[in-house]
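# Inside the fold
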Amino acid sequence: MKEIDFLSSIHKSTKRDYLGRVNNKKYPKAKAAELAKKFDYDYWDGDREICYGGYKYIEGRWAPVAHALIKEYKLTNKSKILDIGCGKGFLIYELKKLIPGAQISGLDISQYAIEKSKEEIKENLIVGNANNLPWEDDSFDLIISINTLHCLYSYD
């Protein structure tokens, strides 16, 4: 199976001081991780030194990823797509704008993220756990999961 990099353009669009974040005196890594693991305000919209820090929708930021997914997987208005660990659903929103007839669903463990998602896609999102999906097998044509697997225990 070939490796496809859908995210480097987004990840590399901002500078990060990894050592500075790990050695932060106000939020040492262990404290930041403890706050982040709650996946609530501190994780999404709190201090940037903890995690995302003001994770807001930026017009077009996720569009290159959405375009690449559509092209690679030949997604259409008839496609059924699931994003496990969708967060605030920004990628789902971009996909929905490009293929409005597609059935696009998102699941995230964070009640806060779902509550703070864009109104246009909120009805497509549910709070849940990646270990206990509420859909039957083979319900989707494509399932994606970005920045989620590292949050699961290795045996999961």
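The paragraphs below set out a description of the structure included in this document.

### So, the packing of helix α5 (residues 63-73) against helix α6 (residues 90-98)
Interaxial distance between α5 and α6 falls to 9 Å at its minimum, and their mutual angle equals 60 degrees. Between α5 and α6, the angle falls in the class oblique. Read as a crossing pair, α5 and α6 show a hand that is right-handed. The segment α5 lies against α6, with Ala63, Val65, Ala66, His67, Leu69 and Ile70 engaging Leu91, Glu94, Leu95 and Leu98. For the contact of α5 with α6, the residue count by class is eight nonpolar, one polar and one charged.

### Some thoughts on the nonpolar core
By size, the foremost hydrophobic cluster in this structure holds 37 residues, and its most contacted members are Trp62 and Leu91. Of all the secondary-structure elements, those providing two or more residues to this core are α3 (29-36), α4 (41-44), α5, α6, α7 (111-115) and β4 (142-144). The dominant element in this core, judged by the number of residues it contributes, is α6, at five residues. The contact partners of Leu91, leaving out residues within four places of it in the chain, are Trp62, Val65, Ala66, Leu69, Asp83, Ile144 and Ile146.

Calculation criteria
Residues numbered from 1 in each chain as written. Predicted model: local features only at pLDDT ≥ 70, side-chain atom pairs only at ≥ 80, totals over all residues. Heavy atoms only, no water. Axes fitted to C-alpha atoms, helices over the stretch in contact; angles between N-to-C directions. Helix = DSSP H or I, 4+ residues; strand = E, 2+ residues; numbered from the N terminus. Parallel < 35°, antiparallel > 145°, perpendicular 65-115°, else oblique. Left-handed = near helix turned anticlockwise from the far one by under 90°. Contact = heavy atoms within 4.5 Å. Nonpolar A, V, L, I, M, F, W, Y, C, P; charged D, E, K, R; others polar. Core = buried A, V, L, I, M, F, W, Y, C linked by side-chain atoms within 4.5 Å. Buried < 20%, exposed > 50% of the residue type's maximum accessible area, 1.4 Å probe, protein only.

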